[in-house]
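Geometric and topological summary
Letter by letter, the chains look like this.
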Amino acid sequence: MSRKRAVVQKSLAVSWDRLAGMPKPLERLSKGELERKQCISRLMTYELKYLTCQFVNEEFEWLLPVIFSKSTDPLWPDPRASIEKRIEVEIYGKSVRTTLSMILHKIVACSLAYPKLFILSPNVRIERTERAYSGIHAYEFTQLDFEVKSATSKEIKSLVEKILRGLVSSLKKQMRKELIYLKRHDSLKVPEIPFRTYDREELQERYGRNWETQLMLETCDPIWVTNIPREFYDFEDFDQNKWDNYDLLMPKYGEVLSGARREYEYDKITRKMERDNIRKENYQTLLKLAKERRLKPSAGAGIGIERLVNWIAGAKHVGETQPFPKIPGLVYDL
Ligand code: AMP
Ligand code: MG
């Protein structure tokens, strides 16, 4: 065997080795594995149908997503972000980025034209390779992103609770066969509402830096965590030293949603950008609108569609919910 061929074979062996326990591409699934995949896919179809119907019934406008923009989410400083590479390409002589999230588009769209909106938004985040083992990270995924003008955090949290309770209750009736096949029917409980809310500071005092993992293992119900320091667009009360934002954590699975009331005042946004070393030139439109007082108060959230199905299905890895798994560090042909 030529040296070159031996090297190629070795590297292939190493990469298939690393696959142990990871979701495989469609063409490598056995009959049984394919059946499981199809079952999870039926749950995904049900989830998408249920969620989009709920938002349309609540008179949300359904917007289509964008992929390329000059401005996108900085994902900084979010202690949970772990981006290995940011994708920038040049089109028509301009530098654009793939969507990390549609938060900026959402804030602008909500302020200017669509007071209640939602988007199924594809996000490309080149997560660090070690995140393959978290079971909840993919490098491409979809958020159901929504935003409501003048809403409070309480209103958004109540809406999410109502929709999620309805979703689980409906799934248990309509997707009974699938949930039984996945051995999830009995353990998936219709959650009581309102969900309990914890302040991140208290959790940190009780559990230390690893509060999320500890909390997730201890709880049997969905839980809100508020007051999490992160990106400039989440509302921060400088006097109280508190953030008006929230994450929803699912037992044993972790975060499936992040949201917040938003900043809209120019002085606060620029002060936070300066504090966090965010390059203002990447956010010109947002800043111009804020300066002209055309940004309006709003609140909203983004639900990780694959993570929600991951939890519903009791799957081992979020890649199991994707027809073409996008697992950090593993690049398949399709
Ligand atoms: P974020 O704004 O970063 O909190 O993302 C919003 C939601 O998208 C999260 O609450 C997750 O449900 C989901 N999400 C974020 N990153 C990933 C990822 N790498 N893979 C799958 N889902 C993700
Ligand atoms: Mg988050």
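Each chain carries its own residue numbering, running from 1 in the direction its sequence is written. Lettering for chains starts from A, numbering for ligands starts from 1, and both go in the order in which the items are written. For this predicted model, a pLDDT threshold of at least 70 governs which residues receive local features, and a threshold of 80 or more governs which side-chain atom pairs are given and counted, while totals over whole chains, interfaces and linings are taken from all residues. Side-chain measures were taken over the full set of non-hydrogen atoms in the model, leaving aside hydrogen atoms and water.

1. Notes on the overall build of the protein chain
Going by this rule: Only DSSP runs of H or I covering at least 4 residues are called helices, and only runs of E covering at least 2 are called strands; the numbering of each starts at the N terminus. We take the radius of gyration over the C-alpha atoms and set the globule estimate at 2.2 Å times the residue count to the 0.38 power. For every residue, the accessible area (1.4 Å probe, protein chains only) is compared with the maximum for its type, and the residue is labelled buried under 20%, exposed over 50%, or partly exposed between those bounds. Note on contacts: a residue pair qualifies if any of its non-hydrogen atoms lie within 4.5 Å across the two residues. All accessible-area figures derive from a Shrake-Rupley calculation using a 1.4 Å probe, and residue coverage is judged against the displayed protein chains alone. When charges are counted, Lys and Arg contribute as positive and Asp and Glu as negative, whereas His and the chain ends are disregarded. One atom stands in for each charge, and that atom is NZ of Lys, CZ of Arg, CG of Asp or CD of Glu.
For the protein chain, the count of helices and strands is ten helices and 15 strands. A compact globule built from 334 residues should have a C-alpha radius of gyration of about 20 Å, and the protein chain, at 21 Å, falls within 12% of that. A buried classification covers 51% of the 334 residues belonging to the protein chain. Look at the contacts in the protein chain between residues 6 or more apart in sequence, and 74% of them connect residues 24 or more apart. When the accessible surface of the protein chain is totalled, it reaches about 17,700 Å², and 52% of it is carbon and sulfur. Positive and negative charge centroids in the protein chain, built from 58 and 48 side chains respectively, lie 4 Å apart.

2. Comments concerning the packing of helix 2 (residues 31–57) against helix 10 (residues 305–313)
Just so we agree on the cut-off: Note on geometry: axes are C-alpha line fits, over the in-contact stretch for helices, and angles between N-to-C directions span 0 to 180 degrees. An angle below 35 degrees is treated as roughly parallel, one above 145 as roughly antiparallel, one from 65 to 115 as roughly perpendicular, and anything else as oblique. The sense of a crossing depends on the near helix, which, turned anticlockwise from the far helix by less than a right angle, makes the crossing left-handed and, turned clockwise, makes it right-handed.
At a closest axis distance of 10 Å, the pairing of helix 2 and helix 10 adopts a crossing angle of 125 degrees. Relative to helix 10, the element helix 2 lies oblique. When the axes of helix 2 and helix 10 are compared, the crossing they make is right-handed. For the pair formed by helix 2 and helix 10, the contact residues are Ile40, Leu43, Met44, Glu47, Leu48 and Leu51 on the first element and Ile305, Glu306, Leu308, Val309, Ile312 and Ala313 on the second.

3. Considering a nonpolar patch on the surface
The cut-off we apply is this: Residues form patches when they are more than 30% accessible in relative terms and have no salt bridge. Like charges link within 9 Å. Nonpolar side chains (Val, Leu, Ile, Met, Phe, Trp, Tyr) link within 5 Å. Here, a salt bridge means any Lys or Arg side-chain nitrogen found within 4 Å of an Asp or Glu carboxyl oxygen.
A surface patch of nonpolar side chains, about 350 Å² in accessible area, is lined by Leu26, Leu34, Phe324 and Leu334. Mapped onto the secondary structure, Leu34 falls in helix 2.

4. What to know about the pairing of strand 14 (residues 254–261)
Note on strand geometry: in a regular strand, side chains alternate between the two faces of the sheet. For the record, the criterion: Pairing between strands is defined by DSSP: at least two bridges between the two strands are required.
The element strand 14 is extensively covered by neighbouring structure, given that six of its eight residues are classed as buried. Summarising the sheet, strand 13 (residues 245–250) and strand 14 pair through six bridges and their orientation is antiparallel. Along strand 14, the bridge assignment pairs Asn245 with Ala260. Joining the antiparallel neighbours strand 13 and strand 14 is a turn of three residues, in which Lys252 adopts a positive phi near 70 degrees. Bridging between strand 14 and strand 15 (residues 298–304) involves five bridges; their strand directions are antiparallel. Bridging from a neighbouring strand, Ala260 pairs with Gly300 of strand 15.

5. Comments concerning the site of ligand 1
The line we're drawing: What makes a residue near a molecule or strand is one non-hydrogen atom of that residue sitting within 4 Å of it. Two N or O atoms count as a polar contact when they lie within 3.5 Å, although within protein this holds only if one can serve as hydrogen donor and the other as acceptor, and sequence-adjacent residues are included solely when both atoms are side-chain atoms.
Close to ligand 1 lie 14 residues; Arg125, Glu127, Ala138, Glu255 and Ser258 are nearest. Between Ser258 and ligand 1, the recorded distance is 2.8 Å, taken from a side-chain N or O atom to an oxygen atom. For ligand 1, the accessible surface in isolation is 470 Å², of which the surrounding protein chains cover 92%. Within the residue set of the shell around ligand 1, elements represented by two or more residues are strand 8 (140–149), strand 14 and strand 15.

6. Thoughts on the pattern of salt bridges
In the structure shown here, the tally under the stated rule is 28 salt bridges. One salt bridge in this structure joins Glu201 and Lys242, with 3.2 Å as the shortest N-O distance. Placement of the pair is Glu201 in helix 6 (residues 200–207) and Lys242 in strand 12 (residues 242–243), with a sequence separation of 41 residues. Across the pair Arg230 and Asp234 runs a salt bridge, and its minimum N-O distance is 2.8 Å. Residue classification places Asp234 among the buried residues on the basis of a relative accessible area of 2%. Within this structure, Arg80, Lys106, Asp145, Glu147, Glu212, Arg230, Asp234, Asp247, Glu255 and Arg262 form a network of salt bridges that share partners.

7. With respect to the packing of aromatic side chains
Keep this limit in mind: Stacked, edge-to-face and tilted labels apply to pairs of Phe, Tyr and Trp rings (six-membered ring for Trp) whose centres lie within 6.5 Å, assigned for plane angles under 30 degrees, over 60, and everything in between, in that order. In this scheme, Lys NZ or Arg CZ marks a charge over a ring once it lies within 6 Å of the ring centre and within 35 degrees of the ring normal.
This structure, assessed with the given rule, holds nine aromatic pairs. Seen in terms of ring centroids, Phe55 and Phe118 are 5.5 Å apart; in terms of plane orientation they differ by 35 degrees. Their pairing is tilted. Of this pair, Phe55 sits in helix 2 while Phe118 sits in strand 6 (residues 116–124), and the two are 63 residues apart along the sequence. Here Phe55 and Phe118 have matching classes, each one buried. Between Trp224 and Tyr246, the ring centres sit 5.8 Å apart and the planes meet at 90 degrees, which makes this aromatic pair edge-to-face. Of this pair, Trp224 sits in strand 10 (residues 223–226) while Tyr246 is found in strand 13, placing the two residues 22 residues apart along the sequence. What makes Tyr246 buried here is its relative accessible area of 1%. Taken together, the ring pairs connect Phe55, Phe60, Trp62, Phe118 and Phe146 into an aromatic cluster. The lysine or arginine in question, Lys268, covers the ring of Phe235, its NZ or CZ lying 3.8 Å from the ring centre.

8. With respect to the sheet that holds strand 2 (residues 68–69)
Read from one edge of the open sheet, three strands run 2-5-4, paired in antiparallel fashion. Two strands bound the open sheet, and with one partner strand each, they are strand 2 and strand 4 (88–91). Here strand 2 runs beside strand 5 (residues 94–98); their pairing, made up of two bridges, is antiparallel. Note that in strand 5 the partner of Phe68 across the bridge is Thr98.

9. So, the coordination of the magnesium ion (ligand 2)
Here is the rule we go by: In this analysis a donor is any N, O or S atom within 2.8 Å of a metal ion (3.2 Å for sodium, potassium and calcium), and since water is not included, sites may seem incomplete.
Looking at the magnesium ion (ligand 2), one finds its protein donor set to be Glu255 (OE) and Ser258 (OG), positioned 2.2 to 2.3 Å from the metal centre. Residue classification places Glu255 among the buried residues on the basis of a relative accessible area of 16%.

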